[in-house]
Amino acid sequence: MSAGPLVVEILFTFVLAAYLLHRYGDLRKQHILVTTACFLSWYFSLMIIFILPLDVSLTFYRQCVYDNTPKYTTTPAISTTTSNVSHPSNISTHIPSLANPSGDSQLSGMQQDSDIDRGCERPESYVSDTVLPVLWRIIYWTSQALTWLIMPMMQSYSKAGDFTVLGKMKSALIENAIFYGTYLLIFGICLIYVAARPDLDIDGEKLKIIGVTASNTWGLFVLVLMLGYGLVDVPRSLWNKAKKGYMLSNTYFKIAKLSTEKTEAEESLEDVLEETRRLAEKIRYNHPLRKHMDVILSKCPESTRQSVRGKMDDFEDFNQSPDSLSESSLVKLHKKVIRCTTINQRTSVMWQSLMDMALEWEDIEENMRSGDHMYRHTDPNMSTPYFRWMASIYTPAVEWYWKCVFRPYVFMGVAGILIVVSFMVVWSECLFFIKDPVLSLFAVFINLARENYDYGYIELASILTIAYLCFCAYFSVFKIRILNLYYIAPRHQTNEHSLIFIGMMLCRLTPPMCLNFLGLIHLDSHITQDEHIQQTSYTQIMGHMDVISIVANGFNIYFPILIVLLCICTYFSIGSRLLAAIGFHQFIGDDDMTQELVDEGKQLVSREKRKIQRKAEGEARRKNWVERFGDGASSSNKDVPMSAERRGERYTVPRSPDEDDRVELLKQVEPVDFNQDDDGMFGNNTSSMYGTARSGREDGYQSRGSRFSSGGSRPGGNRPPKGIFDDV
C-alpha cells in the first residue's frame, strides 16, 4: 500500500484552499466562524475533485482483479458478503477477498505476484479498501451539513437586522423558508413515490438515499443550467481577450452600466444614513433603544457616527410621545443599513476592478504603438507584480513582449483547446447512457488508458475534466450576478456574504457534478445497466437512485441533453437579445444604445485617468521636493550642535490649519547671521527688527558665526535655503 499520493493530494488541497481563501477574503476582518466554515466547504469540495480520480484508478484495478479471478472462487465470497450490502455491485469493496478465501483485506505477497502475472498492475496511489469509504463519508456528510444547514443560516444570520440571537435565528429561518421549501418539496415527492410503491419498504437506508437523491436532483438541475452557459462562454471569453478592441469596448460598456448602479447604491446608502442620523437625534442617552441605535451606528461610516455623537450625548431626558420609536422599526433600519452597505461595497469593488481593466487595455493599445518595446503603465501602482520575487524577472521589456505580442496568441490557443473540450462534454452528455457502441468520448479515452494500465493519465485527465466542469459552472454563477449581492474579487476584497455563498455553491454542485462525470466515463453500472462493473467507493457511499426509478432512469440520464439547447442559445446570444428587448442593456455590439454606453464609459475612464495622472504628478513633485531640500536639510543638521538646533526651534511660527506650506514658510521669521563685517552694514536695523529676542540669543549666533560665513549655509539647518520659491 502506498498512501503517498493520497497524502500529497490532501496536503496540496489544504494549501490550495487556504491560498484561495486568503487571496479573495480578508482573514483579519472576517469572523473566525465564517473563516472556518468557508475553509471547510472549499477544502472538502476541492478534495472531492482531486481524490475522486484516485478512486477511479483504484476501481479500474479492482475491475481487473475481478475479471481475472477464477469464477468458482467468487461464489462463496459473494454468498458471505451480499447479506450486508443492498446491491450485488457493491461487492467491489470485497474484491481483495475474492482471491483470498480467508477474508483478509490485504493480499499476500504470493497473491500480489499472481495478480501481476494475470496482467493486473497496481496503481502508484493504491490504498486499502477501507480508507476511501471512511474519507468519503467524512467529506460528503460534512459538506452536506455545511451547505444545507450551517452556511445558509450563517449567511442569513449575518444579514438579519435583529438585535438578539433568538431574533436573528428566527429571521434566518424565515428567510430560508423558501429555499428549504424547494428542497423539501423534492424530498416529499420522492418520499410519496416510494411510499406508494407496495414492493418497497421505507427504512433508514432508503430515507438516506431519498435525501441524497433530492440533493443531487437539485444540484443537477442547477448544474445543467450553469454548464449550458459556461461551456460556450468560457472559451469565447478567452478568445475575445485576444481582441483588444473588443475587450476595451466591452469594458467601457460595463463601466457605463456599473456607473448607474454605483450612483444608485451611493444614493440609497446616503438615504439610509440620513434616516439613521434623524432617528439617532431622537434617541437620547437614557432611551431604552439607545443600545440598539449604537449597534446600527457601528455599521455606519465614521462620518455618520461623528455627526450624531455630539447630539446623542447631551444628557437630555427623553419623553414618551405618541410617535415614539419601536424596536421593530430599528430592526428594519438595521437590515437596510447592512444591505445598502453591502451593495455599495460590491459596486465600489467592481468599479475599481473594471477601471483597472480598462486602464490596462488602454495601456496595451498605447504601448503597441511605442517603438522602444518598454511597457509603461498609466497607474504606477499597476506596475508592481503581485509577487515581489517576480519584479526582477518580469521587467518592462518582458511585460511588453508578453502583453503586446505573445499573450493574444496564447489566449487564442487555449480558447481553441477549450472549444474542443466543450464539444466533447456536450457530445458525451447527450450520449453517455449508450454503452454499445461506446459513444462517450471520455469513456473511450479512459478505457484506452485502462487497457494500458496508464493510471497516471487516468488520474490527470479526470482531475482536468472535473476542474473544467467546475470552472464553467461557477463562472456562470458569478457572471449572472445572483441577487445583485454576491461577487468575487481578488486582493482580499470579497466580503463575508460572498465567501459563504461560494462555499455553499461548491458543496451543492460538486457532488452531482462528480456523479455526472462517473456516468460520462461509464463507471456507474446503474446507468450503463451492467452489474459486472465495479463501483467506486464514492458511488457506494452516495448510494444509487434505484429507489426512485423516475430520477435514476429518467431525469439523471435525459435531463443533461438540455445542455445542447442552452449552448445554442448562449452561442447566438439569444438571452442577451431578449433582455435588451425588454429594457435591460446588454453588450450586443450592433445597436445605438450599446455605442452610447461605450462612449459614456470611455469618458468615465478618461476622467479617472486624469485623476490618476494628477495624483502621480503630485507625488512626483513631493518626491522631488524631498530629494532637493530634505537631503540638504538633513545634512545640515548633522553639523549643527544639539543645543543650537533646539534654540533654533524657538523661531518656528505655529502653523495655522488654513495656511498652505508656501504661506507658512513665507511668514516664518528667520534669524540673521551676524559676523564682524556685517555689524556696520546692518547697524540698528537688525536691532529694531528683533529687539530683545536677538539680545537673548546673541551668544549662540556668535559662536556659530565663523562656520556660517565659511560654509555659506544658513543658520538652522532644518530650514530651507535661500531661493526656495524660485521654481514656483
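Located above this text is the structure these notes cover.
The model shown is predicted, which means the values in this text are computed figures rather than measured ones. (Residues numbered from 1 in each chain as written. Predicted model: local features only at pLDDT ≥ 70, side-chain atom pairs only at ≥ 80, totals over all residues. Heavy atoms only, no water.)

A. Layout of the overall build of the protein. Along the protein, the regular secondary structure elements total 29 helices and 0 strands. Residues counted as buried form 45% of the 728 residues belonging to the protein. Entry remark: accessible area of the protein is about 38,200 Å², with carbon and sulfur atoms responsible for 60%. (Helix = DSSP H or I, 4+ residues; strand = E, 2+ residues; numbered from the N terminus. Buried < 20%, exposed > 50% of the residue type's maximum accessible area, 1.4 Å probe, protein only. Areas by Shrake-Rupley, 256 points an atom, 1.4 Å probe, with all protein chains shown as cover.)

B. Spatial organisation of the environment of Ala37. Position of Ala37 relative to the elements: it lies in helix H2 (residues 32-68). Along the backbone, Ala37 and Met151 are 114 residues apart, and their C-alpha atoms lie at a distance of 7.2 Å. Setting aside anything within four residues of it in sequence, one finds Ala37 in contact with Leu146, Met151 and Met154. (Contact = heavy atoms within 4.5 Å.)

C. Spatial organisation of helix H11 (residues 290-298). Where H11 is concerned, the buried positions are Arg290, His292, Met293, Ile296 and Leu297. Seen along its axis, H11 keeps its buried residues to an arc of 155 degrees; they face one direction. (Arc of directions from axis to C-beta.)

D. Structural view of the environment of Pro288. Position of Pro288 among the secondary structure elements: in the loop between helix H10 (244-282) and H11. Expressed as a C-alpha distance, the spacing of Pro288 and Ser326, which sit 38 residues apart in the sequence, is 9.7 Å.

E. The pattern of salt bridges, seen in detail. Enumeration according to the criterion identifies 16 salt bridges in this entry. In this structure, Glu274 engages Arg277 in a salt bridge whose closest nitrogen and oxygen atoms are separated by 2.9 Å. Of the two residues, Glu274 and Arg277 are both situated in helix H10; the distance of 3 residues between them amounts to about one turn of the helix. Here the salt bridges share partners, and the residues they tie into one network are Glu360, Glu399, Lys403 and Arg407. (Salt bridge = Lys/Arg side-chain N within 4 Å of Asp/Glu carboxyl O.)

F. Examining the environment of Asn240 more closely. Topologically, Asn240 is positioned in helix H9 (residues 204-241). The class of Asn240 is buried, set by a relative accessible area of 11%. For the pair Asn240 and Ala415, spaced 175 residues apart in sequence, the C-alpha separation works out to 9.2 Å. Asn240 has contacts with Tyr246 and Met247, leaving out every residue within four places of it along the chain.

G. Quick peek at a positive patch on the surface. Where like charges cluster on the molecular surface, the positive patch consists of Arg607, Arg610, Lys611 and Arg614. Tracing the backbone shows Lys611 in helix H23 (residues 592-639). (Patch = residues over 30% accessible without salt bridge, like charges linked within 9 Å, V, L, I, M, F, W, Y side chains within 5 Å. Lys, Arg positive; Asp, Glu negative; His and termini not counted. Charge placed at Lys NZ, Arg CZ, Asp CG, Glu CD.)

H. The packing of helix H6 (residues 131-159) against helix H7 (residues 165-175), seen in detail. Their axes nearest at 8 Å, the elements H6 and H7 cross at an angle of 120 degrees. When the axis of H6 is compared with that of H7, the two are oblique. Helix-helix and strand crossings are classified by hand; for H6 and H7 the assignment is right-handed. In contact with Met153, Ser156, Tyr157 and Lys159 of H6, H7 contributes Val165, Lys168, Met169, Ala172, Leu173 and Glu175. Residue composition of the contact of H6 with H7, grouped by class: 6 nonpolar, 1 polar and 3 charged. (Axes fitted to C-alpha atoms, helices over the stretch in contact; angles between N-to-C directions. Parallel < 35°, antiparallel > 145°, perpendicular 65-115°, else oblique. Left-handed = near helix turned anticlockwise from the far one by under 90°. Nonpolar A, V, L, I, M, F, W, Y, C, P; charged D, E, K, R; others polar.)

I. Focus on a nonpolar patch on the surface. Together, Tyr401, Trp402, Phe406, Val410 and Val414 give the surface a local cluster of nonpolar side chains, amounting to about 420 Å² of exposed area. Relative to the helices and strands, Val410 is located in helix H14 (residues 396-431). Residue Val410 is classed as partly exposed on the basis of its relative accessible area, which comes to 36%.

J. Representation of the packing of H6 against helix H17 (residues 496-520) in the model. Interhelical geometry of H6 versus H17 gives an angle of 155 degrees and a closest axis separation of 9 Å. In terms of orientation, H6 and H17 fall into the roughly antiparallel class. Crossing of H6 against H17: the hand is left-handed. Residue-level inspection shows Tyr140, Ser143, Gln144, Thr147, Trp148, Met151, Pro152, Met154, Gln155, Ser158 and Lys159 of H6 in contact with H17, the latter providing His497, Ile500, Phe501, Gly503, Met504, Cys507, Arg508 and Pro511. Looking at side-chain class alone, the contact of H6 with H17 contains 10 nonpolar, 7 polar and 2 charged residues.

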